[in-house]
Structures are given as C-alpha cells and as structure tokens.
Amino acid sequence: MELLIITGLSGAGKTRAADICEDLNYYCVDNLPAALLPRFAELCSVAGGRYEHVALVMDVRSVGGEAELREALTALDGLEGVIRIIYLEASPEAILRRYKESRRRHPLAGSSGSIRDAIGREAALLTPLRERADLVIDTSGMSLNLLKARIRSLLTPDEEAFNVNVVSFGYKNGIPPEADFVFDVRCLPNPYYENALRDLTGLDTAVTEYVFRDGEAQRLLDRLTELMAYLIPLFEHDRTELTVAIGCTGGHHRSVAIAQALADALEARAFSVSVVHRDKERAV
C-alpha cells in the first residue's frame, strides 16, 4: 500500500496536485483530520489491495495542532507500506494574487487578520509536514505542465523522460529555490530604460530584438546552449529533471528573452524542455 500525503500552504495548488494524482490512478481523499490519519492508513492496508495507491489532501483545517500532527506522523512510521509527502508552497505575493483572483477566504484569515499574517501562521502550523516532505514544490510561477512533471518525477520515475526546466526570474524577487544552475544576464542591455519597451516583456519581438541587437546576447546564448548540452547528459543517470534559472533585475525583459531562446535551442537539440517565466506578470 502506498499513501501519499499532499499538503502545504492554502493557495499553493493542492487541488491541482490531487487532480494530477487522480489521473495517475490514485484514490484521492480530501481533508481527513490528522487524528484519523493512522487509522485511515491501517484500513487501507488491510483492504485486500483495493486501495493500493491512496492520495490524501491535508490542509491547515485538518491538522488540529502541531502536537496532534506530530503524533499522527509518528504513528505512521510503524505501518507497512510506502508513505510519502508532497508539500506545496508559494511566495506570499503569489498566494495573495491567487486569493484576490478567486475571491475566496483564507482558512486562517479572521475578521481582523490579513492574508499575509495568515500565511505565516499556516506555514508555522505545517512545519512538521514540511520537515518530513519527500518533495517540496514552490509553485509561485509554475505552469500546470511543470507541476505535473515534478509530481510524476516522484511517483513514476521509471516512466518519465529526463526534463529540463528553464525558469526566468527577477533577482529583486529572489532566486528560484528549485534551481540547479543560475545564470545572471544583467550584463545585457536593459530594455527597461526604453520608454517604448518598458511595459513589454521578453516574449515581445521588439524587446527580443533590442536584447539581441549587438550580437552579445547571441554569443552568450550560444555558450549557454553548448554548456547545457554538455551538462544535461551527465545528470540523466541519477535524476529525472534539471532546473536552469536565468535572472535579470525584474524578470520581465532580458531573462525572459534569454530563457525562452535557451529553451527553444535545447528543444531543437531534442531535449525535453519546459519553460516558466516566473516574474513576467509582476508589476514593472
């Protein structure tokens, strides 16, 4: 019996993760109280193979308190079978934006508390689960396809081809924590200082032409492509993915243009590539 616990911050994507697991033929249960977790696992293990792969979503409403949660996790250690935890998190800015878009109420946001305060309290309550997690995923700028790839890399590693994740970001918003390699392209001309380009992104032709206009960006891209084409095969034997982060100041222009071009170049060499522009939609 395999029990997969999907948990993490509210607004970080637990429902999407559960949907992905359901597509992988996991029996999914939502919001089981932590106190019932050991008994639930026991029932699944003696069900005669009926529930071989179970995914359980746990959010802060089902925790009941840190002591109760730690007790439940300790009880799981004595059970037979594979027990794994996926913990989803996101930046406060990303979670705030998602709650604003959905117009839903954060489970810990009282009448006088802000969502940002609630996020901090929630993270503290879920610390035992994060400490035990087999996979921690920051979904701040992550596409659904990339989330699928990350979860599949844990659950079905033998079925997944090696994937290269290219992420553009802005240094002022922090380096992506999942990055294996980080490259700084702030050395290139900055379109931000051109009024006609400031509100565009590195996916717009005018910005791309500006970044690549003097040939230096192309020479940088060629060397990055050759370096990654050399490095990727060296990592394929012991992992299923590699994350390459390309950063500029704000994550709107130079990093987006170079990350997209790098992804296209690697894909042209028959590598499996996903690309995420984490900070592209943030305010300039």
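From a predicted model like this one, the values you see are computed outputs, not experimental measurements.

Caption draft 1: View of the sheet that holds strand β1 (residues 2–8). Taken together, five strands build an open sheet; the order of strands is β2-β3-β1-β4-β5 and the sheet is parallel. The sheet terminates laterally at β2 (27–30) and β5 (135–138), the two strands that pair on one side only. Across the sheet, the mean angle separating the axes of adjacent strands is 20° when strand polarity is ignored.

Caption draft 2: Up close: helix α6 (residues 115–125). Every buried residue of α6 is accounted for by A118, I119 and E122. The arc enclosing the buried residues of α6, seen along the axis, measures out at 105°, which places them on a common side. Of the surrounding elements, those touching the buried residues of α6 are β1, α3 (60–63) and α5 (92–102).

Caption draft 3: Spatial organisation of the side chain of D279. Among the structural elements, D279 can be located in the segment after β9 (272–277). Polar contacts involving the side chain of D279 include one to the side chain of R282, which spans 2.9 Å.

Caption draft 4: Structural view of the packing of aromatic side chains. This structure, assessed with the given rule, holds four aromatic pairs. Here the aromatic rings of Y27 and Y51 are separated by 4.9 Å at their centres, their planes lie at 50°, and the arrangement is tilted. Pair noted here: Y27 is in strand β2 and Y51 is in the loop between α2 (37–45) and β3 (53–58), with a separation of 24 residues, a long-range link. Summarising the aromatic geometry, the rings of F181 and F235 are spaced 5.7 Å apart at their centres and angled 85° between planes, so their arrangement reads as edge-to-face. Taken together, the residues F181 in strand β7 (residues 181–184) and F235 in helix α10 (residues 216–235) connect sequence positions 54 residues apart. Of note, R186 hangs over the ring of Y171, and the distance from its end group to the ring centre comes to 3.8 Å. The side chain of R198 reaches across the aromatic face of Y192, ending 4.4 Å from its centre.

What counts, and at which threshold
The residue numbers shown here count from 1 along each chain, following its written sequence. Side-chain atom pairs in this predicted model are given and counted only at pLDDT of 80 or more, local residue features only at pLDDT of at least 70, and totals for whole chains, interfaces and linings cover all residues. Water and hydrogen atoms were dropped before computing side-chain values, which therefore reflect all heavy atoms in the structure. Two strands form a pair only when DSSP identifies at least two bridges running between them. Helix numbering and strand numbering both begin at the N terminus, where a helix is a DSSP run of H or I of at least 4 residues and a strand a DSSP run of E of at least 2. The axes used here are C-alpha line fits, helices contributing only the stretch in contact, and every angle between their N-to-C directions lies in the interval 0 to 180 degrees. Partly exposed describes any residue whose relative accessible area lies between the buried limit of under 20% and the exposed limit of over 50%, with all areas from a 1.4 Å probe on protein chains only and scaled to the type maximum. What the arc covers is the set of directions going from the helix axis to the C-beta atoms. Any two residues whose heavy atoms approach within 4.5 Å are treated as being in contact. For this analysis, a polar contact is any N or O atom pair within 3.5 Å, provided that within protein one partner can donate a hydrogen and the other can accept it, and provided that sequence-adjacent residues contribute only side-chain to side-chain pairs. Pairing of aromatic rings covers Phe, Tyr and the six-membered ring of Trp, with a centre-to-centre limit of 6.5 Å; geometry is then stacked below 30 degrees between planes, edge-to-face above 60, and tilted otherwise. Charges are assigned to positions over rings by a cutoff of 6 Å between ring centre and Lys NZ or Arg CZ, combined with an angular limit of 35 degrees from the ring normal.

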